[in-house]
Amino acid sequence: MKKWIALLICLLLPFGAFALEISEDEFYEWYDEMAYLVDEIGNRWIELPGSQQACDYLRAEFEANGFSKEDGTLIELPSYVPELDLTCTNLIAVKPAVNPDAPIITVCAHYDSQSPGARDNASGVAAMMFIMRKMAALPAFENTELRFVAFTAEEYFCTARNEPHIGSLDYCYALTEEEKARHIAVFNIDILVVDIWEELAFSLDTLGMRTDNGYVTGTEESPAYNRPALAMLQAMAETECYPEEDRDWYWCGPRHMDKTDHESFHYIGVDSVAICFRQTDELGGEWPEFMHTPSDILGDFDLQRSWDALTAVYTAVDGLANDHTYGDAMKP
Ligand SMILES: [Zn+2]
């Protein structure tokens, strides 16, 4: 009888699929890493020691999970800030596929901050590192290369270059034409935690997408349903935490919105989504109230929402890594 009930549940679920599970212990590893970045390292502004400490910590974590500079699977890409005569570092971990020409999926988050930066963006860095650990433990995918990137200088506007978020820009500029072409999806995680008292929606922000006629820019009226956004929509449906009736107040997207590292990938014509908590359109689309303030420390968070969000991103990355058509069913 149990078997029949299980089968029935399977048939009733969208696509008959289940989201990946994250146990309570695993979820608290995410929380503890966020807390470490906030409480032990603190402000990660590029001119402060915390920036270098965070970089050293993340490098050590990448190395502990098998990535190394010696075999080329851990790359340090410098970003130079002329007006400060300062060099800061992007960390790129590469998990090659069996096929050397495999499509690339990147999961990224910026580790610099303007404050202790719990929401912005220790929460996102810890999520990227969580998925990195999960995927690093797997055998190589036949036809998917994975990259995990910790970006610097997202919070800094470089006046000498007149450019924002130069960490991710430098990474995008450094990609070869061949690497750009191989990139099928970028998941940029920026703010994956929400205060209990604050009215924010879990959001997917996009700026453009590849089509049969080349890369096109989305608009507010017609936002881009690009590949990582579609994969997120499928994964969100599989978690069952984001029902359609909750759309536009509890969760939103895809929406045509900028102001984080997914913008850099948009400039080079690579499908990218920013995964974040920000206001609905109705409320103005603003970021969390404590962002960029000294109050961006650990707070009274709605951790269930982070757990659901982390489950959705992990499921989307895994789904797309296993099947490059994952999410296609969500095309509008
Ligand atoms: Zn941020």
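For clarity, every value in this text was computed on a predicted model and none was experimentally measured.

A. Spatial organisation of the overall build of the protein. Assigned secondary structure in the protein consists of nine helices and 10 strands. The C-alpha atoms of the protein give a radius of gyration of 19 Å, which matches the 20 Å a tight globule of 332 residues would have. Dimensions of the protein, computed from the C-alpha atoms along their principal axes, are close to 65 × 50 × 40 Å. For the protein, restricting intrachain contacts to residue pairs at least 6 apart in sequence, the fraction spanning at least 24 positions comes to 80%.

B. Representation of the sheet that holds strand 10 (residues 272–278) within the structure. Across the sheet, which stays open at both edges, the eight strands sit in the order 1-2-4-3-5-10-6-9 with mixed pairing between neighbours. The strands lining the two open edges of the sheet, one partner per strand, are strand 1 (74–81) and strand 9 (251–256). Ignoring strand direction, the axes of neighbouring strands in this sheet form an average angle of 20°. With five bridges joining them, strand 2 (residues 86–95) and strand 4 (residues 145–151) adopt antiparallel strand pairing.

C. How the structure looks around the packing of helix 4 (residues 118–136) against helix 9 (residues 303–322). The geometry of helix 4 relative to helix 9 is characterised by a closest axis approach of 10 Å and an angle of 45° between their N-to-C directions. The orientation of helix 4 with respect to helix 9, classified from their angle, is oblique. Helix-helix and strand crossings are classified by hand; for helix 4 and helix 9 the assignment is right-handed. Counting all contacts with helix 4, which are made through Ser 123, Ala 127, Phe 130, Ile 131 and Lys 134, the residues of helix 9 involved are Ser 306, Leu 310, Val 313, Tyr 314 and Val 317. Per-class residue counts for the contact of helix 4 with helix 9 are seven nonpolar, two polar and one charged.

D. Focus on the nonpolar core. By size, the foremost hydrophobic cluster in this structure holds 91 residues, and its most contacted members are Ala 127, Met 128, Ile 131, Phe 187, Met 232, Val 313 and Val 317. Per-element accounting of this core gives the leading share, 11 residues, to helix 4. Ignoring sequence-local partners within four residues, the contact set of Met 128 consists of Val 107, Cys 108, Ala 109, Phe 148, Ala 150 and Ile 189.

E. Spotlight on the pairing of strand 7 (residues 208–211). Pairing of strand 7 with strand 8 (residues 214–217), which is carried by four bridges, proceeds in the antiparallel orientation. What sits directly across from Thr 211, in strand 8, is Gly 214. Connecting the antiparallel pair strand 7 and strand 8 is a turn made up of two residues.

F. Layout of helix 9. If you check helix 9, its first and last C-alpha atoms are 28 Å apart, about what 20 residues at 1.5 Å a residue would give, namely 28 Å. Burial of helix 9 is extensive: 14 of the 20 residues sit out of reach of the surface.

G. Up close: the pairing of strand 3 (residues 104–110). Judged by how many residues are buried, strand 3 sits mostly within the fold: seven of seven residues are covered. Both faces of strand 3 are covered, namely the face carrying Ile 104, Thr 106, Cys 108 and His 110 and the face carrying Ile 105, Val 107 and Ala 109. Viewed along the sheet, the connection from strand 3 through helix 4 into strand 4 turns out right-handed. Across five bridges, the pairing between strand 3 and strand 5 (residues 183–189) is parallel. Bridging across to strand 5, Ile 105 finds its partner in Ala 185.

H. Layout of the environment of Glu 238. Locating Glu 238 in the fold gives a position in helix 7 (residues 227–239). Sequence-wise, Glu 238 and Ala 316 are 78 residues apart; in three dimensions their C-alpha atoms are separated by 9.6 Å.

I. Representation of helix 4 in the model. The end-to-end C-alpha distance of helix 4 is 25 Å, a good match for the 27 Å that 19 residues give at a rise of 1.5 Å each. Judged by how many residues are buried, helix 4 sits mostly within the fold: 16 of 19 residues are covered.

J. Region of the structure containing unusual backbone geometry. Put simply, Asp 120 and Asn 121 share a cis peptide bond, and its omega is 10°. Structurally, Asn 121 can be placed in helix 4. Looking along the chain, the bond that leaves Gly 253 and enters Pro 254 is cis, with omega of -5°. Here Pro 254 is to be found in strand 9. If you check the backbone angles, Ile 191 has positive phi at about 85° while not being a glycine. As for its position among the elements, Ile 191 is in the loop between strand 5 and strand 6 (201–206). Of note, His 292 is a non-glycine position whose phi angle comes to about 65°, a positive value.

Conventions used here
- Residues numbered from 1 in each chain as written.
- Predicted model: local features only at pLDDT ≥ 70, side-chain atom pairs only at ≥ 80, totals over all residues.
- Helix = DSSP H or I, 4+ residues; strand = E, 2+ residues; numbered from the N terminus.
- Rg over C-alpha atoms; globule rule 2.2 N^0.38 Å.
- Contact = placed C-beta atoms within 7 Å.
- Pairing = 2+ DSSP bridges.
- Axes fitted to C-alpha atoms, helices over the stretch in contact; angles between N-to-C directions.
- Parallel < 35°, antiparallel > 145°, perpendicular 65-115°, else oblique.
- Left-handed = near helix turned anticlockwise from the far one by under 90°.
- Nonpolar A, V, L, I, M, F, W, Y, C, P; charged D, E, K, R; others polar.
- Core = buried A, V, L, I, M, F, W, Y, C linked by C-beta atoms within 7 Å.
- Buried ≥ 20, exposed ≤ 12 C-beta atoms within 10 Å, placed from the backbone.
- Expected span 1.5 Å × (residues − 1).
- Right-handed = clockwise from strand over helix to strand, strands pointing away.

Geometry only, nothing functional implied.
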